[in-house]
Amino acid sequence: MQKNWVTGFPRIGEQRELKKALEAYWSGKSDFDSVISTAKELKKRHWNYQKETGMGYISCNDFSLYDTMLDMALTLGAIPQRFRHMQNEELYFAMARGTQNAVAMEMTKWFNTNYHYIVPELSPADDYKLDATKIIEEYKEAKSAGITPKINIIGPLTFLSLSKRVDRGDTFELYDKIVPIYEELLETIGTLDNEVVVQIDEPIFVKDVTPKQLSLIKPTYDKLCAAAPNVKIAIQTYFESAVEAVKVFVYTPVWAIGLDFVYGEENFRVLDELAKSNKLLIAGVIDGRNIWKSDIDYKKELLEQIAQKFPKERIIVATSCSLLHVPYTLKYEEKMDSEIKNWLSYALEKLDELSLLSKLFFDEKLNEEEQALLTSNKAACLSRKSSPLIHDKVVQNRIQKINKWERADRFEDRIKVQHKVLRYKPLATTTIGSFPQTPEVRKARRDYKSGTITEEQYKQKMCEYIDKCIACQEECGLEILVHGEPERNDMVEYFGEQLKGYGFSQNGWVQSYGSRCVKPPFIYGDISRPKPMTVEWITYAQSKTEKIMKGMLTGPVTILNWSFVRDDMPRSEVSKQIALSIADEVDDLQNAGIKIIQVDEAAFKEGYPLKSSKISEYERWAVRDFKLCVAPAKKETQIHTHMCYSEFNDIIKTIEAMDADVISIETARSGNELLKVFAKSGYKQEVGPGVYDIHSPRIPSVEEIVKQIELLLEVLPKDQLWINPDCGLKTRKWEEVIPSLKNMVEAVSIVRAKLNA
Ligand code: GLN
Ligand code: ZN
C-alpha cells in the first residue's frame, strides 16, 4: 500500500498548452495530430511531476481534451441522437461545442466550483455500449511512462444524478441500461493488469442525498466489485462531508473511501463506523481548491485526530479533491510580492506538501531538502499570522464599530421619493452595464498596463469610448444610461485591483470549461478601499448627458465567489469587509450626484452551500452584506442589483430581503417563467427581466420583443417592470447591439401606446 494519493491533476498545462493546441485546431490552423501530441506530452509531464515528488497513487483518465463527464458519456455510449452520425474527434467536439446543425450539449457548474461540465443527455430510446478505448490507452501510456496508475472514472450514481433526460423523465429509470456498462468497463479494466486501482468519483453524496440514491449504493457496488475481483475500488467524495453514504458504503466490498477533511468536517462523525470495516481511508487534508500553503503542523495534527478514531495503518494521505481547481506552479509568478508568494501553494507545491506531510505522519526520516521545506513552511505560516500586509487594525476597528447595517427607510417610502426625483415612466428602459468591448478598448487597457501609453492617453481613450457609448444609447432612445464599463476587464478583477488586501497572479490559470481558463484574483488580507474606484468614470459619463447615468459596482458576494479567499478567517467576515469598501463607493457616488447605483450580484446563487442545512447561514450573511454595502444610500438614491440566470424558486424571499429597489435578471431564454416566481411570492420591488437573449448575434425583431413584454405584463403590472436586455452586451458587436436596442425601445413605445389607448 502506498502512503499518499493525488485525487486528480490539472490538465490544461502550466502554459495553457492544451488550450492553445485546441484553439489552433478548432480554428483550422493545425490538425488533430498536434492536439494529440500536446496531450501526450502534458500527460507525461504531469505524471512525472507526481512521480518525482514521491506520490503513491497517481491517476490516469483524469486527463481530458474537454471534460471528464463528456468522456464518461462517450465511454458509456451515451451519445445524443443528433450527433450519432459523427465519429471520433468530430463527434467529441460536436457534443461539447455544437455544430451548425446540432446544438451543443448543456454545460453546468461542477458542484460549488467554477469548473463546468457537460451534462450527459440520456434517452430511454437509446442503447448504450461500452467504449473503453480512452481509458485503456491512457493506462498503457502511463505504464510506458513508468507509472502504474489508478484509473479515475465518474461513478454511476453521480453520473445518473447529474445527467438529464431529453424527455425530462427520471434518469434513474435508465439505471438498468447504464450500470451493466459500468460492470463491463470494470471487467475490461481488470484485464489490464494483475491488480488495478480504480477511483470511482461519487461526489453526489456530499449533497442532500435522497433515499433512492442511498438505496442504490449497495446493489450497485456489490455488482461493480464482483465484476472484476482484481480491481480495487476506491470511492472518492469531495467538497463536503458524505456521512450518510459512507454508512452504506461500509457494507459493500469497496476497497477504500476518500473523504474531504478540509471542507467536510462532519466526516469525522463517520470515522468510528468506517474503522469497524476493513476499508482504507483516503484522508483529503491538503486543500485541493484553494491556493494557500498548508500549515503542515496543523495538517499533521488533523491527521493525528483522524488516527485517534481510525487505524493509522489504513490511512492514505490525500488532497481534498482534484487539483484541477488550482493553478499549476508558482514558478512563473515573477512579479508577485515575495512575502505574499511565500504564503501560496499551487498544484506542484501541493505535491511537495503532500509528500512531506505523509512522511511526517508516518514517521519517515526527512532528507535535508524536506527538512528545509518544513522549516520554511513553519516560517511562512507564522508570518501569515502576524504580517501587517494581512492584518489591518483600521479595518478591524471599523468592522467592530459598524452601526448602520441597512438603509434607514422602508422600500415603500423610498420608491415614492425615487419616482418623484427620477421621473421615469413605467417600463423604463436600461441595460445591464457593459457595452461591446472592442479590440481597441482591450488594447488601450493592455497598453496602459504595460506602460506603452500614459495615464492621460488612456483616460482619453476611455472617455472617447464613454462618449460614443452615451451617444449610441441616446440614439437608441434608452432612458437610464450606463457608461459601458470600458475600463473593466472583468467585473471582479476591476475592483480587486483597487482594493487593499487583494492579490493577482501572473499565471494562476484555472480551467473553467473546455479550453477556457480564468485567473481568479485572491484575497490575502483585510480589505479596504484606499480611494474611490469608479467615481471619476461615472461622474464623467453623467456630465456628458442630461439623462440619468447609472453607476456600476460589483457586490461583495460576487467578489468573494469569483476569488480565491483567505482561509484564516470565515468567508462571512471577508464578505463583510468587502461590503464596507463597496459601501464607501456607494456613498461617494451618491455624493457626486449619481442617482441610480447598480450593485451586481451575478454570483449570488452560485455561492449557495451544497447541503441545504447550511443554506440559511449563507443567506443570513449574504443578505446582510448586500444590505450593508448599500446602507449609505439615501432614500432618493435608487439601488439596483443584477443577477444572472438563476432558479429563483427557492430563493425568492431571500432576494426580496436584499431589499434592492430594482433587480434586473437574465430571463430571455425562459419566457416569463422565471418572472412568475416573483409574482407568486408577492415580490414588491421593481424588476427588469431580460427581454432578449444576447447570447446569439441574431437581432430580435420589434414584434418579438413586443410579444415578450406582453408576456411579462401578464405576470407583473407595468409600474413594477423595467425593460432591459439580458446581461452580457460586452460580448457582442456594436452592429448587433444598436439595432437590437433600437428594436427594444420601439417595442416599449408600442406597448406603452397600447396601454395608454
Ligand atoms: N454589469 C455587468 C455587465 O453588464 C454584469 C455582468 C454579469 O451579469 N455577469 O457586464
Ligand atoms: Zn448577468
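To start, this report covers the structure provided alongside it. Counting of residues starts from 1 at the beginning of each chain's written sequence and follows it residue by residue. Going through the entries in the order they are written, you letter the chains from A and number the ligands from 1. Since the coordinates come from a predicted model, pLDDT governs what is reported: local features require at least 70, and pairs of side-chain atoms require 80 or more to be given and counted, while whole-chain, interface and lining totals use all residues. Here the side-chain values reflect all heavy atoms present in the structure, with hydrogen atoms and water set aside.

## So, the overall build of the chain
A count of helical and extended segments in the chain gives 27 helices and 25 strands. We compute the radius of gyration over the C-alpha atoms and compare it with the globule rule, which gives 2.2 Å times the number of residues raised to the power 0.38. Rg of the C-alpha trace for the chain: 27 Å, near the compact-globule value of 27 Å for 757 residues, within the 12% margin. The principal-axis extents of the C-alpha atoms in the chain amount to approximately 80 × 60 × 50 Å. Residue burial in the chain is summarised as follows: out of 757 residues, 61% are buried. Only heavy atoms enter the contact rule, under which two residues are in contact if any of them lie within 4.5 Å. Excluding contacts between residues fewer than 6 apart, the proportion of contacts in the chain whose partners are at least 24 apart in sequence is 78%. Using a 1.4 Å probe, accessible areas were evaluated by the Shrake-Rupley method; residue-level cover was limited to the displayed protein chains. With an accessible surface of roughly 30300 Å², the chain has 50% of that area assigned to carbon and sulfur atoms. Charged-residue counts in this description rest on Lys and Arg as positive and Asp and Glu as negative, His and the chain ends being excluded. For the purpose of locating charges, the reference atoms are NZ of Lys, CZ of Arg, CG of Asp and CD of Glu. One finds the centroid of the 103 positive side-chain charges in the chain at a distance of 2 Å from the centroid of its 112 negative side-chain charges. Every helix listed is a DSSP run of H or I at least four residues long, and every strand listed is a run of E at least two residues long, numbered separately from the N terminus. Residue exposure (1.4 Å probe, protein chains only): buried if accessible area is under 20% of the type maximum, exposed if over 50%, otherwise partly exposed.

## Side note on the coordination of the zinc ion (ligand 2)
The protein atoms donating to the zinc ion (ligand 2) are His642 (NE2), Cys644 (SG) and Cys727 (SG), with metal-donor distances spanning 2.1 to 2.2 Å. Listed donors are limited to N, O and S atoms within 2.8 Å of the metal, widened to 3.2 Å for Na, K and Ca; water is not among them, so incomplete-looking sites are possible. Here the metal geometry follows the donor angles, with tetrahedral for four donors whose angles all fall between 85 and 135 degrees, square planar for four and octahedral for six when opposite donors are more than 155 degrees apart and every other angle is between 65 and 115, and irregular for all the rest. Taken together, the four donor atoms surrounding the zinc ion (ligand 2) define angles of 90 to 124 degrees at the centre, an arrangement classified as tetrahedral. Between consecutive donor residues of the zinc ion (ligand 2), the sequence gaps follow H-x1-C-x82-C. Note that Cys644 is positioned in the loop between strand 22 (638–643) and helix 24 (652–658) and Cys727 in the loop between strand 25 (722–723) and helix 27 (734–756), a separation of 83 residues in sequence.

## A short note on the sheet that holds strand 24 (residues 686–689)
In a beta sheet, neighbouring strands pair by backbone hydrogen bonds and run either parallel or antiparallel. For two strands to be treated as a pair, DSSP must find at least two bridges joining them. With parallel pairing, six strands are arranged side by side in an open sheet as 14-19-21-22-23-24. Of all the strands in the sheet, the pair left with one neighbour each is strand 14 (480–481) and strand 24. As defined by bridge partners, strand 23 (residues 662–665) adjoins strand 24 across four bridges and the pair is classed as parallel. Bridge pairing in strand 24 places Ser664 opposite Gly688. To get an axis, a line is fitted to the C-alpha atoms, and for a helix only the part in contact is used. The angle between two axes follows their N-to-C directions and goes from 0 to 180 degrees. Sheet contacts for helix 22 (residues 571–591): strand 19 (548–554), strand 21 (596–600) and strand 22; angle to strand 19, the most-contacted strand, approximately 170 degrees.

## Details of the pairing of strand 19
Taken across its seven residues, strand 19 has seven buried, putting it largely inside the fold. Burial of the side chains of strand 19 extends over both faces: Ile548, Lys550, Met552 and Thr554 are buried on one face and Met549, Gly551 and Leu553 on the other. As paired elements, strand 14 and strand 19 share two bridges and run parallel to each other. Residue pairing in the sheet places Leu481 in a bridge with Met549 of strand 19.

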